[in-house]
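Remarks on the overall topology
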Number of protein chains: 2
Amino acid sequence: MPPSLSDRLTESILGIIRDGGLRPGDAIPSARELAKRFAITTPTVREALRKLEATGAVEFRHGSGTYVGPTINNVVLANPHRPPITKDSVLQLISARLVIEPAVAAQSALARRAENLERLEAAVTNALVPPGGPAFALNFHVELAAASGNPLLQEVLASLLKVRVREQQQIRALYDNRGRDHKEHQAIVEAVRAQDAVQAERLTREHLDNIRRAVESSPELS
Amino acid sequence: MPPSLSDRLTESILGIIRDGGLRPGDAIPSARELAKRFAITTPTVREALRKLEATGAVEFRHGSGTYVGPTINNVVLANPHRPPITKDSVLQLISARLVIEPAVAAQSALARRAENLERLEAAVTNALVPPGGPAFALNFHVELAAASGNPLLQEVLASLLKVRVREQQQIRALYDNRGRDHKEHQAIVEAVRAQDAVQAERLTREHLDNIRRAVESSPELS
DNA sequence: ACTCACAAACTGACTAAATCACTTAGCCAC
DNA sequence: GTGGCTAAGTGATTTAGTCAGTTTGTGAGT
């Protein structure tokens, strides 16, 4: 079965973006322009663009244009259509993080670099900012992975931790303990700064274990 | 900015699928039927379906219908539009796997269960089947993650290891060492069967280190 | 009774030509 | 300058239809 016109179109549009050296935030040709260039109609172009939109490769801005999206170069993605969370799915997520994150923390301690440490410390302090503050608050656990120097690890953690804004509030209301989290985050950062991989790994495991306990003993999700 | 009609539509279609208890492979209403039900036109419905197609939530079969896709319940996804691989990106991937997989192997050794072991052993033997054989060959490293009992870890590994078929051949031609891989895989399986987490972790790390060395000393990608 | 060819009937794929809604940039008056 | 208006460009959606595959049932022939 030959790939559909829509499939070939998405590849062509990606080609335009990559061959043109366009980066996230740059504008791409309008849908009408693309339709003319490929000698097809606009609904077909829009179908291809919607596919790219679903993976964050492009973004629509009504009245303005279509732009390269933030995750166009990602290898893994958070599923934008993921099923709604349940208590079980949250526990499953924490179990997976208990496997992955301690090893990531150890790696970050070994690879720690100046600019990563700065962002990591910013994430620790930002965590105390009440909700409704800055739109794109740094997530401590994502920044901890970023400090490893491997963008793929950052992608994995960001994808695992990305939940809908609505649900994030729900989770925080039930499980969050800002004070304790902040202290534990600080301890992890200190271990990373000291390049103490063993300690970073241990503290991260304990931190996630505490979170798991909080979730286990919490009431059901609505 | 209110969510677009297309966005609301994808949510509604997902609602139809989930509320109807539909599972991967089941047929969903036709585009014309959905258009009638929501009192909109077919191009708009198609845009919404294309978004769902991009994340594997639905699949089109020309002339037959639209069906629930295999990854509708995933939390993380392999980016279907990921950039083409380079030698550097392959090394980056192996570095990330060196952080994650040893910990996963240890977890799988602790949690090993009968049915998982069976699939794991099948993956080891399947690895010797020459290409062109079964369409969906089990991937040893994905099955190793599956043996942990946590579907999220399996998703992460599957997403990291999913590369285009074309590129897979390219990689194999350059780096693969079937005989050595098979031996090392067998050793890992034995450690898992013996529930020896420390050994499983060590063997997995060494295995990936060997792969990394093979890649580092290989010629550039075309 | 069985089988095979064939013809609806249904499905997705795509076209064509508009109209509406929103954003941006330029211009002009104040 | 600064505010507001306007015009051009853009995405959003509609309407109506054609083309191309797949499935299924029917009926003729065996």
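Each value, and the rule that gives it
- Each residue is numbered by its place in its chain's sequence as written, counting from 1.
- Going through the entries in the order they are written, you letter the chains from A and number the ligands from 1.
- pLDDT decides what is reported in this predicted model: residues at 70 or higher carry local features, side-chain atom pairs at 80 or more are listed and counted, and totals for whole chains, interfaces and linings draw on all residues regardless.
- Each side-chain value is derived from all of the structure's non-hydrogen atoms; neither hydrogens nor water enter the calculation.
- Throughout, a contact is declared for two residues whenever any of their heavy atoms are within 4.5 Å.
- Buried area is calculated as the accessible area (1.4 Å probe) missing from two parts once they are joined, with the contributions of both summed.
- Here, a salt bridge means any Lys or Arg side-chain nitrogen found within 4 Å of an Asp or Glu carboxyl oxygen.
- Two N or O atoms count as a polar contact when they lie within 3.5 Å, although within protein this holds only if one can serve as hydrogen donor and the other as acceptor, and sequence-adjacent residues are included solely when both atoms are side-chain atoms.
- Each aromatic pair joins two rings of Phe, Tyr and Trp (for Trp, the six-membered one) with centres within 6.5 Å, and gets the label stacked for planes under 30 degrees apart, edge-to-face for over 60, and tilted for any other angle.
- Two limits define a charge over a ring: the Lys NZ or Arg CZ must be within 6 Å of the ring centre, and within 35 degrees of the ring normal.
- Labels follow the DSSP assignment, with helices taken as runs of H or I lasting at least four residues and strands as runs of E lasting at least two, numbered in each case from the N terminus.
- Burial status follows relative accessibility: with a 1.4 Å probe on protein chains alone, a residue under 20% of its type maximum counts as buried, one over 50% as exposed, and anything between as partly exposed.
- Least squares is used to superpose the copies, and the fit set is the C-alpha atoms of residues whose pLDDT is at least 70 in both copies.
- Throughout this document, a residue counts as near a molecule or strand when at least one of its heavy atoms sits within 4 Å of that molecule or strand.
- Nonpolar residues are Ala, Val, Leu, Ile, Met, Phe, Trp, Tyr, Cys and Pro. Charged residues are Asp, Glu, Lys and Arg, and all others, Gly as well, are polar.
- Only the stretch in contact is used when fitting a helix axis, every axis being a line fitted to C-alpha atoms; angles between N-to-C directions are given from 0 to 180 degrees.
- Each angle is binned into one of four classes, with values under 35 degrees roughly parallel, values over 145 roughly antiparallel, values of 65 to 115 roughly perpendicular, and all other values oblique.
- The crossing is said to be left-handed when, going from far helix to near helix, the turn is anticlockwise and less than a right angle, and right-handed when the turn is clockwise.

1. So, the interface of chain B and chain A
- With 44 residues of chain B in contact, the opposing surface of chain A contributes 44 residues.
- Surface buried jointly by chain B and chain A totals about 3,700 Å² across both partners, of which 64% is contributed by carbon and sulfur atoms.
- At the boundary of chain B and chain A, one finds 6 salt bridges.
- Here Glu47(A) makes a salt bridge to Arg46(B), at a shortest N to O gap of 2.7 Å.
- Counting across the interface, chain B meets chain A through 15 residue pairs in polar contact (both at pLDDT 80 or more).

2. With respect to the packing of aromatic side chains
- Summed over all chains, the structure comprises 0 aromatic pairs over all chains.
- Above the plane of the ring of Phe60(A) lies Arg46(A), whose end atom (NZ or CZ) is 5.9 Å from the centre.
- One Lys or Arg, Arg61(B), reaches over the ring of Tyr67(B) and ends 3.9 Å from the middle of that ring.

3. Examining unusual backbone geometry
- Backbone geometry places Gln195(A), a non-glycine residue, at a positive phi of 55°.
- By the secondary structure assignment, Gln195(A) is in the loop between helix H9 (178–193) and helix H10 (197–216).
- Taking relative accessible area as the criterion, Gln195(A) reaches 41% and is therefore assigned partly exposed.
- Positive phi values are uncommon outside glycine, yet Ala39(B) reaches one of about 60°.
- When you line up the elements, Ala39(B) lands in the loop between helix H2 (31–38) and helix H3 (42–54).

4. What about the relation of the copies chain B and chain A?
- With an axial shift of 0.0 Å and an RMSD of 0.1 Å, the rotation relating chain B to chain A amounts to 180°. The operation mapping one copy onto its partner corresponds to a two-fold rotation axis.
- Taken as a fraction of all interface residues of chain B, those also at the interface in chain A reach 100%, which identifies the copy contact as same-surface.

5. A look at the protein's contact with DNA strand D
- Surveying the vicinity of DNA strand D reveals 22 residues, the closest of which are Arg46(A), Thr66(A), Leu5(B), Thr41(B) and Thr44(B).
- A distance of 3.0 Å separates a phosphate oxygen of DNA strand D from a polar backbone atom of Ala31(A).
- Between Gly63(B) and DNA strand D, the recorded distance is 3.1 Å, taken from a backbone N or O atom to a base nitrogen.
- Here the surface near DNA strand D is built from residues that sort into 5 nonpolar, 12 polar and 5 charged.

6. Structural notes on the packing of helix H4 (residues 87–111) of chain B against helix H7 (residues 151–161) of chain B
Residue and element names in this part refer to chain B.
- The interhelical angle for the contact between H4 and H7, taken along N-to-C directions, is 160°, at an axis separation of 12 Å. As the angle between them shows, H4 and H7 are arranged roughly antiparallel. Here H4 runs over H7; the crossing is left-handed. Of the residues in H7, those touching H4 at Leu93, Arg97, Ile100, Glu101 and Val104 are Leu153, Leu157, Leu160 and Leu161.
- Among the residues forming the contact of H4 with H7, the class breakdown is 7 nonpolar, no polar and 2 charged.

On their own, these measurements won't tell you what the molecule is for.
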